[in-house]
Amino acid sequence: MNFETKKILITGGSKGIGKAIIAALYKKGAKDIAVVGRSLEKMKALQEEFPNANFEFIQGDVSKPEDIKNVISSVQNKWGFVDILINNAGVVSAGKLDEIEDEDIIAQQNINVTGLILLTKHALPLLKMSEEATIINVSSGLGLIAMPFYAPYAASKAAVKHFSEAMRRELEPFKIHVMTVYPTATDTPMMKTASSGEMDSPELVATKTIEGLINKEIDVILGGPQRIEDNKANFKNPLEFDKKVSGMYAAMLDRASGHRSM
Ligand SMILES: NC(=O)c1ccc[n+]([C@@H]2O[C@H](COP(=O)([O-])OP(=O)(O)OC[C@H]3O[C@@H](n4cnc5c(N)ncnc54)[C@H](OP(=O)(O)O)[C@@H]3O)[C@@H](O)[C@H]2O)c1
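Presented here is a report on the structure given in the accompanying data block.

What counts, and at which threshold
Residues numbered from 1 in each chain as written. Predicted model: local features only at pLDDT ≥ 70, side-chain atom pairs only at ≥ 80, totals over all residues. Heavy atoms only, no water. Helix = DSSP H or I, 4+ residues; strand = E, 2+ residues; numbered from the N terminus. Rg over C-alpha atoms; globule rule 2.2 N^0.38 Å. Buried < 20%, exposed > 50% of the residue type's maximum accessible area, 1.4 Å probe, protein only. Contact = heavy atoms within 4.5 Å. Lys, Arg positive; Asp, Glu negative; His and termini not counted. Charge placed at Lys NZ, Arg CZ, Asp CG, Glu CD. Near = heavy atom within 4 Å. Polar contact = N/O pair within 3.5 Å; in protein donor to acceptor, adjacent residues only side chain to side chain. Areas by Shrake-Rupley, 256 points an atom, 1.4 Å probe, with all protein chains shown as cover. Axes fitted to C-alpha atoms, helices over the stretch in contact; angles between N-to-C directions. Parallel < 35°, antiparallel > 145°, perpendicular 65-115°, else oblique. Left-handed = near helix turned anticlockwise from the far one by under 90°. Nonpolar A, V, L, I, M, F, W, Y, C, P; charged D, E, K, R; others polar.

1. A word on the overall build of the protein
A tally of helices and strands in the protein yields nine helices and nine strands. The C-alpha atoms of the protein give a radius of gyration of 18 Å, which matches the 18 Å a tight globule of 262 residues would have. Per-residue burial over the protein gives 49% buried out of 262 residues. By sequence separation, contacts in the protein at least 24 residues apart represent 69% of the contacts at least 6 residues apart. Between the centroid of the 31 positive side chains of the protein and the centroid of its 33 negative side chains there is a distance of 3 Å.

Here's what the structure looks like:
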């Protein structure tokens, strides 16, 4: 894949996994990168780190349909098409369901799911004009195995999984590839308020994402072989998996309490 000519649109590229993906793409020769985020200041800092990139910084909130329209018209005016759409922006608010604010429950669905779907919808005409288009959706390990105290977040990430699968099949005649990334706990600003133990680096997630993009994988699942085994075990025998989770109940509550990055 020749990244030098690719037109790339990424949401949430100012920090964390999104920024690591930009770094990995830049290393591969990518230059034309449009970045979407709520803070223009944070995005502008990318230019210093990646001086040869032709960035387009688009201030916007993916949960706002008017901002999405502005994102699309900006890239349409600049390039006329998009080769790679990376739906990475996401937020989390964890804890016992009855203690999560209604606003956080709504915003997690609006940002993690509805915004991602709307941006994809409106980017489709631009992706269809590419010779080789890919949509990358960032879900979560919690989109494959739901865990207590992350119910609204896990629901949003499972929705991303199903949206990706449906779109992969829907877009097959257009040769637009759809890939989903499932990171586990990753050391980013999102995890600052979570008392998580060992975490992946955002660079590892980015490396696996780029490998998946080049190899046209459909799912990039982080967390190693144990994670794959857990996914199978949870699918085959959820009641047995419940027992495993039950043994970790107090520790999981402790870890999730106060985990909020909105
Ligand atoms: N870190 C983990 O452990 C982990 C694990 C599994 C999955 N994930 C997923 O990976 C993705 C990236 O997470 P991360 O850990 O890198 O998070 P992060 O460090 O908090 O970065 C999130 C990025 O998304 C942007 N963003 C947030 N809300 C937005 C909105 N409404 N509109 C536009 N941009 C928005 C942020 O910029 P602004 O704040 O300026 O808007 C920021 O650039 C998310 O989808 C997350 O759910 C993360």
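Don't stop here, the text continues.
2. Re the site of the ligand
Near the ligand, the surroundings consist of 31 residues, among which S14, N88, Y153, T186 and T188 are the closest. Within the backbone of I17, one N or O atom sits 2.8 Å away from an oxygen atom of the ligand. Within the contact set of the ligand, an oxygen atom lies 2.7 Å away from a backbone nitrogen or oxygen of N88. Burial of the ligand by the protein chains amounts to 97% of its free accessible area of 880 Å². Breaking the shell around the ligand down by element, the ones donating at least two residues are helix 1 (16–27) and helix 5 (151–170).

3. Thoughts on the packing of helix 1 against helix 6 (residues 202–214)
One way to put it is that helix 1 packs onto helix 6 with a least axis distance of 8 Å and a crossing angle of 55°. On the basis of their axis angle, the class for helix 1 and helix 6 is oblique. Here the hand of the crossing between helix 1 and helix 6 comes out right-handed. Of helix 6, the residues touching helix 1 (which contributes G16, I17, A20, I21, A24 and L25) are P202, E203, V205, A206, T209, I210 and L213. In terms of residue class, the contact of helix 1 with helix 6 is made up of ten nonpolar, two polar and one charged.

4. Digging into the packing of helix 4 (residues 102–128) against helix 5
Orientation of helix 4 relative to helix 5, taken along the N-to-C sense of each, is 15°, at an axis distance of 8 Å. As judged from the angle between their axes, helix 4 and helix 5 are roughly parallel. Handedness of the helix 4/helix 5 crossing: right-handed. When helix 4 is examined against helix 5, the residues I105, Q108, Q109, N112, V113, L116, I117, T120 and L124 are found in contact with a partner set consisting of P152, Y153, A155, S156, K157, A159, V160, F163 and M167. In the contact of helix 4 with helix 5, the residues fall into twelve nonpolar, five polar and one charged.

On their own, these measurements won't tell you what the molecule is for.
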